[in-house]
Structure formats: structure tokens, C-alpha cells
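Letter by letter, the chains look like this.
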Amino acid sequence: MKELFNLSRELNFSMDEKFMNFSMDEQSDIYSAWSNKENMFFATLYIIVFIISVPCNLLALWVFFHSKSSYSSKVFLLNLAIADMCYVLVLPMRVIYHISNSDWLLGEVSCRLVGFLFFINLYCSMYLITCIGLDRLLAIILPLKYQHLRRSKNGKAVCIVLWALVTCSMLPVLFSPQTVILMSSGRNMTICKQLYLEKVSFKAFVSTAVAVAVPLVSLTVSYILIFLKLRVMTFHHQTAAKSKAVRMILLTVVTFIVAFVPYHVHRLLYIERHRHSKLSDSEIRYLAIGNRLTSALTCLSGIMDPIMYFFLASNYKKILLQLCGRATNKDRQQSTS
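Remember, it's a predicted structure, so these values are computed and weren't measured experimentally.

Asker: Now, about the pattern of salt bridges: what can you tell me, with residues and values included?
Answerer: Within the structure shown, the criterion is met by four salt bridges. One salt bridge connects R285 with E38, and the closest N-O pair in it is separated by 2.7 Å. Separated by 247 residues along the polypeptide, R285 in helix α11 (residues 281–297) and E38 in helix α4 (residues 36–65) bring together distant segments of the chain. According to the relative accessible area criterion, E38 is buried, its value standing at 19%. With a shortest N-O distance of 2.5 Å, R273 and E283 are connected by a salt bridge. Residue R273 is found in helix α10 (residues 235–276), and its partner E283 is found in helix α11; the two are separated by 10 residues along the sequence.

Set out below in C-alpha cells:
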């Protein structure tokens with residue numbers, strides 16, 4: 001978590017230093033270069049994610065909050081839904097930014113809030129998904145007498161520590177200036193530094209690499225151990241355990257590949273290119289576009305996580321099917337019993 005704090009500090013206290021690497025004309029060009037089509041694309045993406053994600057995650061919050069499960073997996077899923085809601089509820093601010101032609105009209109406080117919740121969602125989601133993977137590993141490899149380690153109270157303790165560490169690490173976002181006023185196309189425009197700007201330093205490179213490497217390595221090791229354990233299970237035990245484990249692995253891997261890995265890989269590339277190369281105008285623009293796109297992809301976790309709930313949490317699946325009018329008679333009987 002020390003690396004997360006370093007990452008937050010690099011993204012905030014030193015952002016002006018990076019911004020000053022460009023002349024005022026270059027700064028204006030970067031922010032006035034976005035076409036209406038690009039702004040409309042991102043605004044539309046955020047609107048779609050918001051419309052789908054909010055009801056799905058609200059349902060998840062209701063289901064997991066009322067779940068009577070004694071295992072930590074439901075606690076991790078509940079907190080994952082909370083992390084998603086923290087971010088998707090501020091997506092309308094990003095929509096306003098894009099339909100305002102990349103001009104931040106919502107003030108200093110909202111800019112800080114958008115950045116803070118972005119990183120809270122990003123890193124809480126990554127590490128909660130890692131916890132879900134580790135929980136599945138414990139469920140498969142530990143003897144029955146040690147399954148008390150997976151009790152919900154232990155999961156709650158892990159989540160409290162995780163939220164506290166990530167929140168404290170990202171507090172600099174809330175307590176440092178985040179808006180800059182630039183002259184572009186003959187008009188003043190306000191830039192929220194928490195939207196699509198990155199610090200280009202070696203420390204930022206290392207912090208980003210460590211922040212993404214820890215969950216990736218943890219999940220990779222967990223999944224390898226799970227597969228090895230499944231291979232030596234008897235057929236009777238293997239069928240149910242393997243089915244659930246494979247679903248979890250596929251869903252978490254897809255979520256990481258789509259929502260989290262592109263942002264971190266591009267950020268590493270962005271930092272490396274800016275640190276060691278004299279970039280042309282086109283390269284600066286392509287890196288900036290990539291930064292916007294990969295940053296936007298992170299919000300897709302708000303849609304992909306409910307898909308994971310559907311396949312991993314039977315209560316969520318049952319209630320969602322009932323709401324859609326697709327529940328079976330067996331599901332209806334179970335829900336009324």
C-alpha cells in the first residue's frame with residue numbers, strides 16, 4: 001500500500017510539474033484538440049455504463065447485504081459492489097465534462113471527488129477481486145477443519161483494512177488543488193487535472209507497476225494452485241468445485257484484461273515515452289487519446305462485476321431472473337419459502 005500512496009502523491013502534488021513541461025500553447029492544443037465526435041463517444045460510453053451499472057449494482061448491494069452466508073466471499077462481493085457504486089455515481093460529472101467540450105464546469109471540489117473516487121474504485125476493485133480469488137483458493141485447498149478462516153468476520157476485517165489503506169493512500173487527491181485555467185481557442189477553459197493527466201517520473205512508473213503487479217501475481221499463483229488441486233480431486237468432488245472455480249477464474253481474468261490491465265499498461269508506456277523521448281505532436285496526441293480510452297475502460301468493471309455476481313452468487317442470479325420474468329418454478333418456490 002506504500003506504493004499506492006506514492007502513486008497518489010505522484011498523481012497530485014507533482015502534477016503541476018508535469019503540466020509545466022508544456023508551453024501554454026501546447027497545453028491549449030492538447031485540450032482543444034478533442035473533436036466533438038471523441039467527446040460524444042466518451043459521453044455516450046459513460047451514459048451507457050451508468051444506466052446499466054447503477055441498477056445492477058444496487059440490486060447486488062441489496063442481495064449481498066441481506067445475505068445470510070457465513071463465508072467471506074459474500075463480504076468481498078458486497079464491498080466490490082460498493083466500490084463500483086462509488087465510481088459510477090460520479091460518471092454524470094464526466095458526461096458533463098465531455099458534452100461541455102472538455103471544459104470542467106463543476107468546480108474544484110467535484111474535480112477532487114471525481115479523481116478520488118476513480119482511484120478508490122480502481123484499486124479497491126482490483127484488490128477485492130484478488131481477495132475473491134484467494135478466498136476460492138482457501139475453499140479448495142484447505143481441509144474442512146480450517147474453513148473457519150473463511151468466516152464473514154474475517155472477510156469484514158480484511159475489507160476494513162483494505163478500505164482504510166486505499167482511502168488514506170488517496171487522500172492527497174482531496175487536499176490538493178486539482179483545477180487549472182487555460183486559454184484555448186480564444187476562451188478560458190478549466191482543466192480538471194484528475195481527468196486523463198499523468199505524472200511522468202520514475203517513481204510514478206515504479207508505483208504503477210507495483211500497484212498492478214501485486215494483484216496480478218497473487219491471482220496468477222492462486223489460479224495455478226487451484227488447477228493443481230482440482231487435478232488430484234476425485235471425480236465426485238471435482239465436478240462442482242471445478243465448475244465454480246473455472247467460472248470465477250474466467251470472469252476475473254476477463255475483468256482484469258478489459259478494465260484494469262489496459263490502463264496500467266498504457267500508463268507505463270505513457271510515462272516511459274514521455275521520460276525518454278522527444279515526442280512529436282502526433283505522438284503526444286495518440287498517447288493522450290490512449291490515456292482517455294484506457295481510463296474510460298476502467299468504468300466497465302461496473303458492468304462486468306454484476307456479470308460475475310450473476311454466475312457466482314445464486315441469490316443474485318435468482319432475483320435478477322425474477323425481475324426479468326425469467327425465473328423458473330423452482331426459483332419462485334425457493335424465494336417464497
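Still to come is the rest of the account.
Asker: Describe the environment of L165, listing the residues and the values that go with them.
Answerer: Along the chain, L165 falls in helix α8 (residues 152–174). Owing to a relative accessible area of 37%, L165 belongs among the partly exposed residues under this scheme. For the pair L165 and C124, spaced 41 residues apart in the sequence, the C-alpha separation amounts to 9.6 Å.

Asker: I'd like a description of the packing of aromatic side chains, backed by residues and values.
Answerer: Each aromatic ring pair is summarised here by two numbers: the centre-to-centre distance and the angle between the ring planes. This structure, assessed with the given rule, holds 10 aromatic pairs. Here the aromatic rings of Y97 and W104 are separated by 6.1 Å at their centres, their planes lie at 50°, and the arrangement is tilted. Of the two residues examined, Y97 and W104, each falls in the buried class. Pairing F310 with F311 gives two aromatic rings, centres 5.2 Å apart and planes at 80°, and the pair type is edge-to-face. F311 gets classed as partly exposed once you look at its relative accessible area, which sits at 41%.

Asker: Go over the confidence of the model for the chain, please, and point to the residues and values.
Answerer: Averaged over the chain, the pLDDT score is 82; the fraction of residues at 70 or greater is 81%. Here residues 9–20 is a poorly scored stretch, pLDDT under 50, and it has 39 contacts once near neighbours within four places are set aside; other chains count. Between residues 23–28, whose pLDDT stays under 50, and residues either more than four places distant or in other chains, the model counts nine contacts.

Asker: How would you sum up the packing of helix α7 (residues 107–141) against α8? Please name residues and give values.
Answerer: Two elements in contact, α7 and α8, have axes separated by 9 Å at closest approach and are oriented at 150°. When the axis of α7 is compared with that of α8, the two are roughly antiparallel. Classified by chirality, the crossing of α8 by α7 is right-handed. Note on element contacts: α8 touches α7 through V158, C159, L162, W163, V166, T167, M170, L171, V173 and L174, opposite R112, L113, G115, F116, F119, I120, Y123, C124, Y127, L128 and C131.

Asker: Give me unusual backbone geometry: which residues, what numbers.
Answerer: One non-glycine residue, N101, adopts positive backbone phi at about 60°. Relative to the elements of secondary structure, N101 occurs in the loop between α6 (91–99) and α7. Using a relative accessible area of 31% as the deciding quantity, one classes N101 as partly exposed. Phi angles above zero are rare outside glycine, and S102 is one such case at about 60°. You can see S102 is positioned in the loop between α6 and α7.

Asker: An account of the state of the cysteines is requested, with residue identities and associated values reported.
Answerer: This structure, assessed with the given rule, holds one disulfide. A disulfide bridge connects C111 with C192, and the sulfur atoms are separated by 2.0 Å. Around the S-S axis, the bridge from C111 to C192 shows a dihedral of about 90° and counts as right-handed. Here the residue C111 occupies a position in helix α7, and C192 occupies one in strand β2 (residues 187–192), the gap between them amounting to 81 residues. Classification of C192 by relative accessible area gives buried; the value is 2%.

Asker: Run through helix α9 (residues 202–232), naming residues and quoting values.
Answerer: End to end, α9 covers 45 Å across 31 residues, agreeing with the expected 45 Å (1.5 Å per residue, within 8%). Where α9 bends most, the angle comes to about 30°, and this point is A213, followed within four residues by the proline P215. Those residues of α9 that fall on the buried side of the exposure criterion are A204, S207, T208, A211, V212, P215, L219, S222, Y223, I226 and L230.

Definitions and cut-offs
Residues numbered from 1 in each chain as written. Predicted model: local features only at pLDDT ≥ 70, side-chain atom pairs only at ≥ 80, totals over all residues. Heavy atoms only, no water. Salt bridge = Lys/Arg side-chain N within 4 Å of Asp/Glu carboxyl O. Helix = DSSP H or I, 4+ residues; strand = E, 2+ residues; numbered from the N terminus. Buried < 20%, exposed > 50% of the residue type's maximum accessible area, 1.4 Å probe, protein only. Phe/Tyr/Trp six-rings, centres within 6.5 Å; stacked < 30°, edge-to-face > 60°. pLDDT = per-residue confidence, 0-100. Contact = heavy atoms within 4.5 Å. Axes fitted to C-alpha atoms, helices over the stretch in contact; angles between N-to-C directions. Parallel < 35°, antiparallel > 145°, perpendicular 65-115°, else oblique. Left-handed = near helix turned anticlockwise from the far one by under 90°. Disulfide = S-S within 2.5 Å. Expected span 1.5 Å × (residues − 1). Bend = angle between axes of the 7 residues up to and from the residue.

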